[in-house]
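In case you want the letters, here they are:
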Amino acid sequence: MEGNVDQWRREGQSFLRRFLQLVDILDPTTLLASNKEIENAHTLLQSSQLKEVVKDEKIKEAVKLTLSSVHPDTGNVLPTVFRVSAFVPFASPLIIAMLLPHKRMKPALLCQLLFQSYSAGYNLANGNKTTCKDEKMPLNKFLLLIGAVSYTTCLGVAPQFVVSRYNFNSPAMYTFFRKILPVPVLAIASAFNVAVVRGSEFEKGVEVTDKNGNVVGISQAAGTKAVKDTAVSRAVLIGTTAAAPTMIVSYLQRTNFIRRFPHALAPIGHVMTILILGLMVPISFSLYPQMGKINRSKLEPLIQGNTKEDELYYNRGL
């Protein structure tokens, strides 16, 4: 069992522990670490006999750097832009640009395309790799990735298309298509992005292990649960990040301060988007354990016959 897999499992038994751990590893300074430093930290973690509570500062730093930068299934260093701690700094400008009230379709389409492309890459890099550790991306998976980005981009800009296509005289209709409808649309698009990009986990399944890390079998049921839970968490993340700043800005528009300084509204909205995204990333990533648990009775009959343990584990991915 990879050292960071074991660490995820032991730290992931409660929402609070998962949240605090993610707040720690989301530290953007880990992005400055070189591949050599990350590999050394991973080697140190692999060779150390970790206790239930890690007290050694050097080991703590190794755990933090490894969990934020190394894929738990392959042990390979993740590309910098797709590491756990990279999501907030890289996604923030894309989400702000995506949520701008564009007057034309081309900028809206471009911003949506950039965000959905980054999301697809992030989902692919952080998915479960237990059944394809050394596998290069096949052509059909690459085409599926392109299709997922194309579809979610079109879905994401649908409200903007309606606003651009029809000149609404009704303020209520304009508000609905500009401020209300984009929230569930973006949440659904983000969940769909996860489901399509990680579709091979439905098809091939993922490895399930016992509490000692021994592989019991490959389960499609566990793969389905992993993708479903991650899709829900991503919908919560993007939906909340799209909705909360809109509500806050709507409230601020009625305040005397904004009436006196109307040009301050846009920067405040952007800052609120970054703050809410920064808060929602550890919350949404913590909704489900990184090392998911599944009851033996919900697995395939062949796997049920391979073990007597009531619960088995699998890497949910991010």
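Residues numbered from 1 in each chain as written. Predicted model: local features only at pLDDT ≥ 70, side-chain atom pairs only at ≥ 80, totals over all residues. Heavy atoms only, no water.

### A word on the environment of His-102
Then, in step 1: Its place among the elements puts His-102 in the loop between α5 (87-99) and α6 (105-125).
Then, in step 2: When its relative accessible area of 10% is taken as the criterion, His-102 is described as buried.
Then, in step 3: When the C-alpha positions of His-102 and Ser-164 are compared, they lie 9.1 Å apart, and in sequence the two are 62 residues distant.
Then, in step 4: For His-102, the contacting residues outside a window of four places in its chain are Ala-97, Pro-107, Ala-108, Cys-111, Gln-160 and Arg-178. (Helix = DSSP H or I, 4+ residues; strand = E, 2+ residues; numbered from the N terminus. Buried < 20%, exposed > 50% of the residue type's maximum accessible area, 1.4 Å probe, protein only. Contact = heavy atoms within 4.5 Å.)

### Side note on a nonpolar patch on the surface
Then, in step 1: On the surface, a cluster of nonpolar side chains totalling about 500 Å² of accessible area is made up of Met-137, Leu-139, Phe-142, Leu-143 and Ile-146.
Then, in step 2: By secondary structure assignment, the location of Leu-139 is in helix α7 (residues 139-156).
Then, in step 3: Assessed through its relative accessible area of 61%, Leu-139 is described here as exposed. (Patch = residues over 30% accessible without salt bridge, like charges linked within 9 Å, V, L, I, M, F, W, Y side chains within 5 Å. Areas by Shrake-Rupley, 256 points an atom, 1.4 Å probe, with all protein chains shown as cover. Salt bridge = Lys/Arg side-chain N within 4 Å of Asp/Glu carboxyl O.)

### Let's talk about the side chain of Thr-273
Then, in step 1: Inspection of the secondary structure assignment puts Thr-273 in helix α14 (residues 265-285).
Then, in step 2: You can call Thr-273 buried: its relative accessible area is 7%.
Then, in step 3: Excluding residues within four positions of it along the chain, Thr-273 makes contact with Ile-95, Ile-96, Leu-99, Thr-241 and Pro-245.

### Brief notes about the nonpolar core
For soluble globular proteins, the rule of thumb is that nonpolar side chains tend to be buried together.
Then, in step 1: Core analysis: the biggest nonpolar cluster contains 35 residues, and Phe-87, Tyr-118, Tyr-122, Leu-237 and Val-281 have the highest contact counts within it.
Then, in step 2: Elements with a minimum of two residues in this core: α2 (15-25), α4 (57-69), α5, α6, α10 (182-197), α12 (220-252) and α14.
Then, in step 3: Examining the composition of this core, we find that 6 residues originate from one element, α5, more than from any other.
Then, in step 4: In contact with Leu-237, other than residues within four places in its own chain, are Phe-87, Leu-277, Met-280, Val-281, Ser-284 and Phe-285.
Then, in step 5: Membership of the second largest hydrophobic core comes to 10 residues, among which are Val-206, Val-208, Ala-222 and Leu-299. (Core = buried A, V, L, I, M, F, W, Y, C linked by side-chain atoms within 4.5 Å.)

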